[in-house]
Amino acid sequence: MTTQMILTVIGLLTTAVYVVYTMRFARGLQRLKSATSYEKPTVSVVVAARNESRNIQMLLTSLVNQSYPPELFEIIIADDQSTDDTREKIAAFSEKWSNVRCIEVKDRDKAKSPKKNALSQAIAAGTGEIILTTDADCVAARFWIESMVACFEEGVDMVAGYSRPKIVNWKDTLFIQRYEYFDVFVLFSAAAGAIGEGKAFSCSGQNLAYRRQAFDTVCGFSHISHLVSGDDVNLMQLMRIAGKKIKYAVNAHTFVYTRPIESMSSFFNQRARWASNLKVQIGLNTEFFLYLVAVAAMHALSVMMIFYDWRVAVLIWAARLIAEFRFLMVAKERFLIESDRFRFYPIWFLLQPLYIVMTALRGALSVYKWHGR
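Using the criterion set out here, one finds two cavities of 30 Å³ or more in the structure. In this structure, the largest cavity occupies an estimated 1,100 Å³ of space. Among the elements of the structure, helix H1 (3-31), helix H6 (175-196), helix H9 (264-275), helix H11 (286-304), helix H12 (310-334) and helix H14 (345-364) are those that each provide at least two residues to the lining of the largest cavity. Taken together, the residues that form the lining of the largest cavity break down as 25 nonpolar, 14 polar and ten charged. If you trace the second largest cavity, you find ten residues lining it, with Glu180, Val184, Gln206, Thr258 and Trp274 closest to the centre. Among the elements of the structure, H6 and H9 are those that each provide at least two residues to the lining of the second largest cavity. A class-by-class count of the residues in the lining of the second largest cavity yields four nonpolar, three polar and three charged.

Judged by side-chain polarity, Met1, Met5, Ile6, Val9, Ile10 and Leu13 come together as a nonpolar surface patch covering roughly 580 Å² of accessible area. Assignment of secondary structure puts leucine 13 in helix H1.

Let's shift gears to the nonpolar core. Phe182, Phe185, Tyr210 and Tyr248 are the most contacted members of the largest nonpolar core, which totals 84 residues. The greatest single-element share of this core, amounting to twelve residues, is contributed by H6. Those residues in contact with tyrosine 248 that sit more than four places away from it in its chain are Leu32, Ala160, Gly161, Tyr162, Phe188, Ala191, Ala192, Ile195 and Phe335. One finds Ile56, Phe73, Cys138 and Val256 within the second-largest nonpolar core, a separate group that totals 32 residues.

Assignment of secondary structure puts glutamine 206 in the loop between H6 and strand S8 (208-211). Engagement of the side chain of glutamine 206 in a polar contact is seen with the side chain of serine 163, the distance being 2.6 Å. Dropping the residues within four chain positions of it, glutamine 206 is found in contact with Thr133, Thr134, Asp135, Cys138, Ser163, Phe188, Val256 and Thr258.

Cut-off values and rules
- Residues numbered from 1 in each chain as written.
- Predicted model: local features only at pLDDT ≥ 70, side-chain atom pairs only at ≥ 80, totals over all residues.
- Heavy atoms only, no water.
- 1 Å grid on protein atoms, 1.4 Å probe; cavity = no way out; pocket = protein on both sides within 12 Å on 5 of 7 lines; lining within 4 Å.
- Points joined across faces, edges and corners; volume = space filled by probe spheres on them.
- Helix = DSSP H or I, 4+ residues; strand = E, 2+ residues; numbered from the N terminus.
- Nonpolar A, V, L, I, M, F, W, Y, C, P; charged D, E, K, R; others polar.
- Patch = residues over 30% accessible without salt bridge, like charges linked within 9 Å, V, L, I, M, F, W, Y side chains within 5 Å.
- Areas by Shrake-Rupley, 256 points an atom, 1.4 Å probe, with all protein chains shown as cover.
- Salt bridge = Lys/Arg side-chain N within 4 Å of Asp/Glu carboxyl O.
- Core = buried A, V, L, I, M, F, W, Y, C linked by side-chain atoms within 4.5 Å.
- Buried < 20%, exposed > 50% of the residue type's maximum accessible area, 1.4 Å probe, protein only.
- Contact = heavy atoms within 4.5 Å.
- Polar contact = N/O pair within 3.5 Å; in protein donor to acceptor, adjacent residues only side chain to side chain.

Okay, structure coming up:
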């Protein structure tokens with residue numbers, strides 16, 4: 001076979017894989033149902049924070065004003081040896097609210113993954129039946145805890161939630177922030193659709209909850225402590241392997257909002273760090289790994305085939321457009337995306353192949369720095 005024939009076959013096969021999974025994600029989104037549990041278990045909200053002086057007050061303000069009974073939840077901030085006044089700001093809240101605590105993280109210099117180390121110590125310090133995690137640069141809606149806890153119907157062990165950058169004025173927003181917003185929308189919608197199809201592929205520590213008992217059953221982060229990132233998606237895989245039931249929260253009250261990215265370099269660094277988890281999935285979730293490889297190959301070949309056979313390239317782009325648009329129309333309604341923001345799709349669609357290839361390569365080569373986002 002010639003090089004052109006080989007690339008054509010690979011391009012068409014990977015496109016077929018992408019189309020099938022995208023359509024399944026759309027079906028999965030439609031299958032997701034709102035929560036029905038009315039139980040009120042105790043909750044430990046745990047957050048790892050390092051040098052979060054400008055963010056921690058907004059997060060804590062949103063947490064202490066939750067609708068959930070204050071005697072039933074605790075807020076534990078793991079101060080990971082901050083060099084600014086993060087700890088002092090947390091202390092100001094703990095003096096006023098009895099359910100706010102700050103713990104000083106130990107052994108940071110010995111940990112391969114500082115965030116997992118910090119979260120492990122925060123979880124160990126808590127007593128809640130449900131562990132609820134978010135990041136220090138996030139803000140939760142008033143009914144967040146109540147709505148996430150409601151997802152824990154009988155038998156549910158982990159609940160993944162939706163989060164997105166908080167953008168108030170779309171017209172005056174930086175291009176990279178618009179791109180991040182739309183990309184997060186697509187990624188999290190795919191993750192939600194996969195869970196709706198019974199496939200636990202991905203989630204985000206910005207909005208994630210699990211039963212303490214389930215966390216203990218998989219031995220916490222101990223089996224993945226050697227990995228720099230993945231306190232969320234890799235933990236999900238451990239839960240999946242252990243046969244734990246995983247659900248996705250779709251109630252708008254469960255949404256979490258995070259600070260938008262501030263530069264293009266920060267954006268690509270963050271995405272490369274996320275992509276670094278790709279190779280780990282070979283052992284944790286082979287199907288997810290093969291899907292990600294197929295997606296990366298399809299995007300790369302959608303550009304390469306322009307120079308070999310433009311008709312094949314057009315077919316790949318057209319198939320992708322049809323499948324994606326149907327899926328995103330379902331996701332748009334599910335996650336309440338405004339029409340003016342959805343109109344960013346054509347730009348995202350055209351830039352996605354370059355972005356995917358770049359981040360996949362950087363992630364595979366571990367070319368990134370840890371900045372906490």
